[in-house]
Amino acid sequence: MFTSGGDSPGMNACIRSVVRTGLYRGLDVYGIMYGYDGMIEGTIKKMASHSVSNIIQRGGTILKSARSEAFMTKEGRQKAYAELTKLGIEGLVAIGGDGTFTGAKVFFEEYGIPTVGCPGTIDNDIYGTDYTIGFDTAVNTALEAIDKIRDTAAAHDRIFFIEVMGRDSGYIGIECGIGGGAELVMVPETRTKIEDVVKSLKGLRKTKTSSIIIVAEGLDCGDAAQIMERVKASFKDEEKEFKVTTLGHIQRGGNPTAKDRLLGSRMGMAAVEGLLAGESNCMAGVMNDHVVYTPFADCITKEKPLKSDYLRLQEILSI
Ligand code: F6P
């Protein structure tokens, strides 16, 4: 088992579940440090039940994480296979996002070690699961910050642009927009134009003295700071103060919420039980509250569209 790519809160709950389910089912369980890099270097340790004591409530990942360049090469994967063979490893649980699953798919196709993935990323951008491990915590962390910014925005009648993470996906953005009562949300999926932002803000001024605009990263019209400057330029003759806050990596840390602890635990168990039942080259996800296995090929290529009613909801609630 290993964690790879950006860490997410709840990964430790998942690790704990993989270890304990494996031991419960009579398996030997190994933890690979630093994702694919550790597989190549052979930094692999045998896990006992106590190895995962007191971690369910902790953010980050006790196995550490990395984005491996070496694993993208044939030589790297060959070395990794040799290291796994030395220990007689017969199955892998890959905890991470689409980059992790892309690597796992190639590795499975080359060497045939049965592999099941668990979706661990704050972005919630993986097809085959309603939610990914860490998304709920990231949204709650961002909301806490947004609530605080709203207090000061309201006190000074300011317009705040707040940038949230999500890579190319607007899931964090839209849920923060609805939950944080934002006046506007800009997500990659809707391709909002700067002119439309200006128009909305000018319209809103009749009823509101301050505004929160959630800007998801990954927009093709720039980051929150650039967008703010362009919007500000359209207000130049009027006295309005504009500010920008980029929430950044605080969204990745912190204690996982109850939802993420449960999701990580469910998926960890599903991965091990899936492997034992013959599942492979696929990810364990939870859809409509049921565990489902989706081929890696679909997880990494199929779109996971934003819920269209969320976009409508946000628009209606922001008048
Ligand atoms: O995929 C998780 C994520 O936090 C994205 O939201 C963000 O774009 C990226 O990782 C940041 O990566 P890094 O921590 O390598 O800067």
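Reading guide: rules and limits
Residues numbered from 1 in each chain as written. Predicted model: local features only at pLDDT ≥ 70, side-chain atom pairs only at ≥ 80, totals over all residues. Heavy atoms only, no water. Helix = DSSP H or I, 4+ residues; strand = E, 2+ residues; numbered from the N terminus. Expected span 1.5 Å × (residues − 1). Buried < 20%, exposed > 50% of the residue type's maximum accessible area, 1.4 Å probe, protein only. Contact = heavy atoms within 4.5 Å. Pairing = 2+ DSSP bridges. Near = heavy atom within 4 Å. Polar contact = N/O pair within 3.5 Å; in protein donor to acceptor, adjacent residues only side chain to side chain. Areas by Shrake-Rupley, 256 points an atom, 1.4 Å probe, with all protein chains shown as cover. Nonpolar A, V, L, I, M, F, W, Y, C, P; charged D, E, K, R; others polar. Axes fitted to C-alpha atoms, helices over the stretch in contact; angles between N-to-C directions. Phe/Tyr/Trp six-rings, centres within 6.5 Å; stacked < 30°, edge-to-face > 60°. Lys NZ or Arg CZ within 6 Å of the ring centre and 35° of its normal. UniProt positions renumbered as here; feature names shortened; annotations may be inferred. Patch = residues over 30% accessible without salt bridge, like charges linked within 9 Å, V, L, I, M, F, W, Y side chains within 5 Å. Salt bridge = Lys/Arg side-chain N within 4 Å of Asp/Glu carboxyl O.

Peer 1: Go over helix α1 (residues 11-24) with me, naming the residues and quoting the values.
Peer 2: Helix length check: α1, at 14 residues, gives a terminal C-alpha distance of 20 Å against a target of 20 Å (1.5 Å per residue), a fit within 8%. By the criterion of burial, α1 is predominantly enclosed, with 10 of the 14 residues buried. Those residues of α1 lying buried are M11, N12, A13, C14, I15, S17, V18, V19, T21 and G22. Of the surrounding elements, those touching the buried residues of α1 are β1 (2-3), β2 (29-32), β3 (44-47), β4 (92-96), β5 (115-119) and α9 (258-276). Looking one or two residues beyond α1, the residue adopting positive phi is G26, at roughly 80°.

Peer 1: I'd like a rundown of the pairing of strand β11 (residues 290-295), residues and numbers included.
Peer 2: The pairing of strand β10 (residues 282-287) with β11 spans 6 bridges and is antiparallel. By the bridge assignment for β11, M283 is matched with T294. As consecutive antiparallel partners, β10 and β11 are separated by 2 residues, and within that stretch N288 has a phi angle of approximately 50°, a positive value.

Peer 1: Tell me about the site of the ligand, and name the residues and values.
Peer 2: Close to the ligand lie R67, T121, I122, D123, M165, G166, R167, E217, H249 and R252, which account for all nearby residues. Measuring from an oxygen atom of the ligand, one finds a side-chain N or O atom of H249 at 2.8 Å. Isolated, the ligand exposes 400 Å² of accessible area, and the fraction of that covered by the protein chains is 75%. Residue composition of the shell around the ligand, by class: 2 nonpolar, 3 polar and 5 charged.

Peer 1: With reference to specific residues and values, describe the sheet that holds strand β7 (residues 184-186).
Peer 2: Pairing is parallel in the open sheet, where 4 strands are placed in the order β7-β8-β6-β9. In this open sheet, the two edge strands, each paired with only one partner strand, are β7 and β9 (241-246). Here the average twist between neighbouring strands, direction ignored, is 20°. Sheet analysis places strand β6 (residues 158-164) next to β9, joined by 6 bridges and oriented parallel.

Peer 1: Any details on the sheet that holds β5? Residues and values, ideally.
Peer 2: With respect to topology, 5 strands assemble into an open sheet ordered β1-β4-β5-β10-β11, the strand pairing being mixed. Taken across any chain shown, the strands that pair with only one partner, and hence form the sheet edges, are β1 and β11. Along the sheet, α1 makes contact with β1, β4 and β5, crossing β4 at roughly 170°.

Peer 1: Which residues make up the packing of aromatic side chains, and what values go with them?
Peer 2: Taken as a whole, this structure holds 10 aromatic pairs when the rule is applied. Here the aromatic rings of F71 and F107 are separated by 5.3 Å at their centres, their planes lie at 55°, and the arrangement is tilted. Separated by 36 residues along the polypeptide, F71 in the loop between β3 and α3 (74-86) and F107 in helix α4 (residues 98-111) bring together distant segments of the chain. In terms of burial, F71 and F107 fall into one category: buried. Among the aromatic residues, those joined into a cluster by ring pairs are F2, Y36, F71, Y81, F107 and Y111. Just above the ring of Y131 sits the side chain of K259; from NZ or CZ to the centre is 5.8 Å. Between the NZ or CZ atom of K304 and the centre of the ring of Y171, over which it lies, the distance is 5.5 Å.

Peer 1: Tell me what's going on with the UniProt feature "binding site: Mg(2+)" (unreviewed entry) in the chain, and back it up with residues and numbers.
Peer 2: Taking the UniProt record as the reference, the feature "binding site: Mg(2+)" (unreviewed entry) is found at D98. Turning to its location among the elements, D98 is positioned in helix α4. Taking relative accessible area as the criterion, D98 reaches 34% and is therefore assigned partly exposed. The residues contacting D98, other than those within four sequence positions of it, are I126 and I300.

Peer 1: Let's hear about a nonpolar patch on the surface: which residues, and what values?
Peer 2: A cluster of nonpolar residues, L313, I316 and L317, forms a patch on the protein surface that exposes about 270 Å² of accessible area. Summarising the element assignment, L313 is placed in helix α11 (residues 308-317). Take L313: its relative accessible area is 35%, and that puts it in the partly exposed class.

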